[in-house]
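As a plain string of letters, each chain reads:
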Number of protein chains: 2
Amino acid sequence: MNFHYPNGRRYTPSVNSAKKLTPEKKWTYSNRGMTLEEDINETNEFYLEHGIATIHKKPTPVQIVQVDYPKRSAAVIKEAYFKQASTTDYNGVYKGRYIDFEAKETQNMTSFPLKNFHEHQVKHMEKVLAQKGICFVLLRFSATEEVFLLEAHHLLSYWERMKNGGRKSITMEEIEENGHHIPLGFQPRIDYIKIIDYLYTLK
Amino acid sequence: MNFHYPNGRRYTPSVNSAKKLTPEKKWTYSNRGMTLEEDINETNEFYLEHGIATIHKKPTPVQIVQVDYPKRSAAVIKEAYFKQASTTDYNGVYKGRYIDFEAKETQNMTSFPLKNFHEHQVKHMEKVLAQKGICFVLLRFSATEEVFLLEAHHLLSYWERMKNGGRKSITMEEIEENGHHIPLGFQPRIDYIKIIDYLYTLK
C-alpha cells in the first residue's frame, strides 16, 4: 500500500530547516509563513541551546533501494521511497522524563479531523503511556494559528470513540476543555514545556 | 564535508530489517551473520512486544534533493544524500525514564577505538545527561562477539582524555572495569535493560 506523506501533501525538501537562525529571522515576531514543524524545530533548538530540554525531530523514514558511490565524492541515493513512520515525530528528555509527541495542523475551523493521525502512531502512543512516558499531541488550527497541547490519553479516547462508530474528529469544545492552549511566543515560539511543567511535577 | 556511514563502511539497504522473525530464525541461537544492529533491533522488538520497554532505532537521516511523483504510484526519491546524524541512533522510554544509546562494533581485540564516535554524538550524550536521561553505549568486539554496556559518563571521560592528547581508544581493561558485560542471549539477544535495572533503581 502506498501512503501519503505528510498528510497527503507532497514532500518538499526542507533545505532551510537545518539553517541557523539569521539575525533578521530572529527579530520577526509574526508567524506568517512559518510551518508548525519550523516553529517546533525552533522551539526545540531554543530548549537545547538553553539547557531546558533535549528534544529532537526524528528523521523522515526512507527505504533506500539504490545507492551510487562516485569516486572521490559522497554516496548518492538514486532510488528510495518514503516509509510509514512507526512512531511519532518528536521525542527526547526533560528532567529525566521521556517526552514524546506528534504535531499536526488542520485548516478546519471547528474541529480537528482524526485522519491526521495513523493507527501505528496511536499504537505507539499507547506503548509510550504503558512505559509511563509523557505523551501528547500539538494541534494547530492554521486559520487562527492557535496551538493546543492535548495529552495522549485524551486523543486515545477520541480515537476509540471513532473506532466504535463515533465522530471522526475532535470538536473545538473538547479541545478547549481537555487541551491546553499555547500562546504563540517569540522565543520559544511554542513553549510546550511550560504546559508539561504545569501538568506534571518534575524535579 | 563528506562523511563515512556507518563507521566508514558502505551503506547496504537493510531490506530484511523490517521483516518479522521467521520460525527458522527464531530457533537459531548462534550470532553468526547477525550484525549488532540486527541484534539490537530484535532485542527492542522483543521488549516492545512484551511490554518491557518502548525503544526504537531512529531512521537514517537523509537530505532529499529530488523527488518524482509518477502518476498512480508512490513518490520516488531520485537524489538524496546521507546526512550526519545529530543524535545517537536509539532512544525510547523505560519505566518513565528516557533511554538513549549508540551501538558500535570494532574488529580490534584489545581496545575500542574512539573514532567510532563523532563529536556531535558525544555532545548529544552530554545534553542527555544534563537532562538526567539514561545514556550509554553498547560496544561489540566482533572477533569474540562480546558486548559491553558502558555508561556515557565513562565514554565522555575517555573522549576528554583523547582531546587532551591522550590515547585514542578505550583499553579492554578499562571496558572490563567500568563497563558491564552483556552475555549474548536467545530472546532477547542483547538484554541491556537488565543492566539498566541493575544500575538504576526504577519503579
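Small disclaimer: the values here were computed from a predicted structure and weren't measured.

Participant: Quick one: what's the story with the overall build of chain A, residue by residue and with numbers?
Facilitator: Looking only at helices and strands, chain A features 6 helices and 10 strands. Here chain A has roughly 10600 Å² of accessible surface; of this, 51% comes from carbon and sulfur atoms.

Participant: A description of the relation of the copies chain A and chain B should follow, citing residues and the corresponding values.
Facilitator: Between chain A and chain B, the superposition needs a rotation of 180° and an axial shift of 0.0 Å, giving an RMSD of 0.0 Å. Overall, the copies show the geometry of a two-fold rotation axis. Of every C-alpha in chain A, the one belonging to A:Tyr98 sits nearest the axis of rotation, 2.2 Å from it. A share of 100% of interface residues in chain A that are also interface residues in chain B marks the association as one of identical surfaces.

Participant: So what's going on with the pattern of salt bridges? Residues and values would help.
Facilitator: Residues and elements named next belong to chain A. Taken as a whole and judged by the stated rule, the model has 22 salt bridges over all chains. The partner of Lys95 in a salt bridge is Asp197, and the shortest N-O contact between them spans 3.7 Å. Taken together, the residues span a long stretch of sequence, with Lys95 in the loop between strand S4 (90–94) and strand S5 (97–106) and Asp197 in helix H6 (residues 192–199) at a distance of 102 residues. Assessed through its relative accessible area of 31%, Lys95 is described here as partly exposed. Owing to a relative accessible area of 35%, Asp197 belongs among the partly exposed residues under this scheme. Taking the shortest distance from any N to any O, the salt bridge between Arg161 and Glu174 comes out at 2.6 Å.

Participant: Could you give an account of the packing of helix H3 (residues 119–130) of chain A against helix H4 (residues 152–163) of chain A, with specific residues and numbers?
Facilitator: Residues and elements named next belong to chain A. At their nearest, the axes of H3 and H4 sit 10 Å apart, and the two run at 135° to each other. In terms of axis orientation, H3 runs oblique to H4. Relative to H4, H3 is oriented so that their crossing is left-handed. Taking contact as the criterion, the partners of Glu119, Val122, Met125, Glu126 and Leu129 in H3 are, on H4, Ala152, His153, Leu155, Leu156, Trp159 and Lys163. Across the contact of H3 with H4, the residue classes tally to 7 nonpolar, 1 polar and 3 charged.

Participant: How would you summarise the UniProt feature "site: Transition state stabilizer" (unreviewed entry) in chain A if you had to cite specific residues and measurements?
Facilitator: Residues and elements named next belong to chain A. Under the UniProt annotation, the feature "site: Transition state stabilizer" (unreviewed entry) is placed at Lys104. In this fold, Lys104 is placed in strand S5. Side-chain polar atoms of Lys104 contact the backbone oxygen of Asn116, separated by 3.3 Å.

Participant: An account of the pairing of strand S3 (residues 76–82) of chain B is needed here, citing residue identities and associated values.
Facilitator: Relative to S3(B), strand S3 (residues 76–82) of chain A is paired through 3 bridges, and the arrangement is antiparallel. Paired with A:Ile77 across the bridge in S3(B) is B:Ala80. Pairing between strand S2 (residues 62–68) of chain B and S3(B): 6 bridges, direction antiparallel. Bridging across to S3(B), B:Asp68 finds its partner in B:Val76.

Participant: Break down the interface of chain A and chain B for me, with residues and values.
Facilitator: Between chain A and chain B, the residue contacts involve 48 residues of the former and 48 residues of the latter. Per-residue buried area on chain A facing chain B is highest for A:Tyr69, A:Ile77 and A:Gln131; these three make up 17% of the total on that side. The interface formed by chain A and chain B holds 0 salt bridges in total. Counting across the interface, chain A meets chain B through 19 residue pairs in polar contact (both at pLDDT 80 or more). In terms of residue count, S3(A) provides more of the side of chain A that touches chain B than any other element does, 7 residues in total.

Participant: Quick rundown of the sheet that holds strand S2 (residues 62–68) of chain A? Include the residues and the values.
Facilitator: Strand order in the open sheet formed by 4 strands is S2(A)-S3(A)-S3(B)-S2(B), with antiparallel pairing between adjacent strands. Because the sheet does not close on itself, it has two edges, and the strands there are S2 of chain A together with S2 of chain B. Geometrically, the sheet is characterised by an average inter-axis angle of 30° between neighbouring strands, direction not taken into account.

Participant: Provide a residue-level description of helix H6 (residues 192–199) of chain B, including the pertinent values.
Facilitator: Residues and elements named next belong to chain B. Taken residue by residue, H6 has Tyr192, Ile193, Ile195 and Ile196 as its buried positions. The buried residues of H6 occupy an angular sector of 155° when projected down its axis, which confines them to one face. Opposite the buried face of H6, at more than 90 degrees from it, the exposed residues are Lys194 and Tyr198.

Participant: Go over the UniProt feature "binding site: Mg(2+)" (unreviewed entry) in chain A with me, naming the residues and quoting the values.
Facilitator: Per the UniProt record, the feature "binding site: Mg(2+)" (unreviewed entry) sits at A:Thr87, A:Asp89, A:Glu102 and A:Gln121. Of the residues just listed, which span 35 residues, no C-alpha pair is farther apart than 9.2 Å, and they cluster in one region. Note on placement: A:Thr87 falls in the loop between S3 and S4. A residue is classified by how much of its surface remains accessible, and A:Thr87, at 5% relative accessible area, is buried. Other than its neighbours up to four places away in sequence, A:Thr87 contacts A:Lys58, A:Glu102, A:Gln121, A:His124 and B:His56. Within the structure, A:Thr87 has its side chain in polar contact with the side chain of A:Lys58 (distance 3.0 Å). Locating A:Glu102 in the fold gives a position in strand S5. Look at A:Glu102 and you get buried, because its relative accessible area is 1%. Not counting residues within four places of it along the chain, the set of residues in contact with A:Glu102 comprises A:Thr87, A:Thr88, A:Asp89, A:Phe117, A:Gln121, A:Met125, A:Phe136, A:Val137 and A:Leu138. One polar contact links the side chain of A:Glu102 to the main-chain amide nitrogen of A:Asp89, over a distance of 2.8 Å.

Conventions and cut-offs
- Residues numbered from 1 in each chain as written.
- Chains lettered and ligands numbered in written order.
- Predicted model: local features only at pLDDT ≥ 70, side-chain atom pairs only at ≥ 80, totals over all residues.
- Heavy atoms only, no water.
- Helix = DSSP H or I, 4+ residues; strand = E, 2+ residues; numbered from the N terminus.
- Areas by Shrake-Rupley, 256 points an atom, 1.4 Å probe, with all protein chains shown as cover.
- Least-squares fit on C-alpha atoms with pLDDT ≥ 70 in both.
- Contact = heavy atoms within 4.5 Å.
- Salt bridge = Lys/Arg side-chain N within 4 Å of Asp/Glu carboxyl O.
- Buried < 20%, exposed > 50% of the residue type's maximum accessible area, 1.4 Å probe, protein only.
- Axes fitted to C-alpha atoms, helices over the stretch in contact; angles between N-to-C directions.
- Parallel < 35°, antiparallel > 145°, perpendicular 65-115°, else oblique.
- Left-handed = near helix turned anticlockwise from the far one by under 90°.
- Nonpolar A, V, L, I, M, F, W, Y, C, P; charged D, E, K, R; others polar.
- UniProt positions renumbered as here; feature names shortened; annotations may be inferred.
- Polar contact = N/O pair within 3.5 Å; in protein donor to acceptor, adjacent residues only side chain to side chain.
- Pairing = 2+ DSSP bridges.
- Buried area = accessible area lost by both parts, 1.4 Å probe.
- Arc of directions from axis to C-beta.

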